[in-house]
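One letter stands for each residue in the lines below.
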Amino acid sequence: MTKATTRKSAEQFQTLFAEPVRAYGSLTLEYYEKLFSTQLEAARRYTELGFTQARAWVEVRDVDGFNQALEGQQKATQQFNEQLKGDAEALSGLGQEYLQKGQQLVESNMKSVTAAAK
């Protein structure tokens, strides 16, 4: 094998295999980083909301306190539902972004393969 052939083979390997694998790996890593960050933040908010409600119930001393805690529970449930909806939308958006970027990578790689085949 000549140096030119070896160099051409190495370039083709980089273009057709190594670069696409790195790009996909980077995309996947970015996606999971955002996904886990979103999930951890959601878990933190839900836990905080739960502890706040638990403290409110522990502080009940009379009927008025019970009514306030019950009212707070209703508000917390509404807040929880809104947060859950927002988190579901955020996670869906992350999935859509990942799919879109993945499709762009595939298209780009197909162009590279086509160009290399010529």
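Use the structure listed above.
1. Points about the pattern of salt bridges
Pairing between side chains becomes possible if they bear opposite charge and their charged atoms approach one another.
Here is step 1: Within the structure shown, the criterion is met by 10 salt bridges.
Here is step 2: For the salt bridge of Arg 45 with Asp 87, the shortest nitrogen-to-oxygen distance reads 2.5 Å. Here the residue Arg 45 occupies a position in helix 1 (residues 3-58), and Asp 87 occupies one in helix 2 (residues 63-117), the gap between them amounting to 42 residues.
Here is step 3: In this structure Arg 45 comes out as partly exposed when scored by relative accessible area, which is 21%.
Here is step 4: For Asp 87, a relative accessible area of 10% corresponds to the buried category.
Here is step 5: As a salt-bridge pair, Glu 97 and Lys 101 come within 3.0 Å of each other at their nearest N and O atoms. Taken as a pair, Glu 97 and Lys 101 lie in helix 2 at a separation of four residues, close to a single helical turn.
Here is step 6: The exposure class assigned to Glu 97 is partly exposed, which follows from its relative accessible area of 26%.
Here is step 7: In this structure, a network of salt bridges that share partners links the residues Glu 41, Arg 44, Arg 45, Glu 48 and Asp 87.

About the cut-offs
Residues numbered from 1 in each chain as written. Predicted model: local features only at pLDDT ≥ 70, side-chain atom pairs only at ≥ 80, totals over all residues. Heavy atoms only, no water. Salt bridge = Lys/Arg side-chain N within 4 Å of Asp/Glu carboxyl O. Helix = DSSP H or I, 4+ residues; strand = E, 2+ residues; numbered from the N terminus. Buried < 20%, exposed > 50% of the residue type's maximum accessible area, 1.4 Å probe, protein only.

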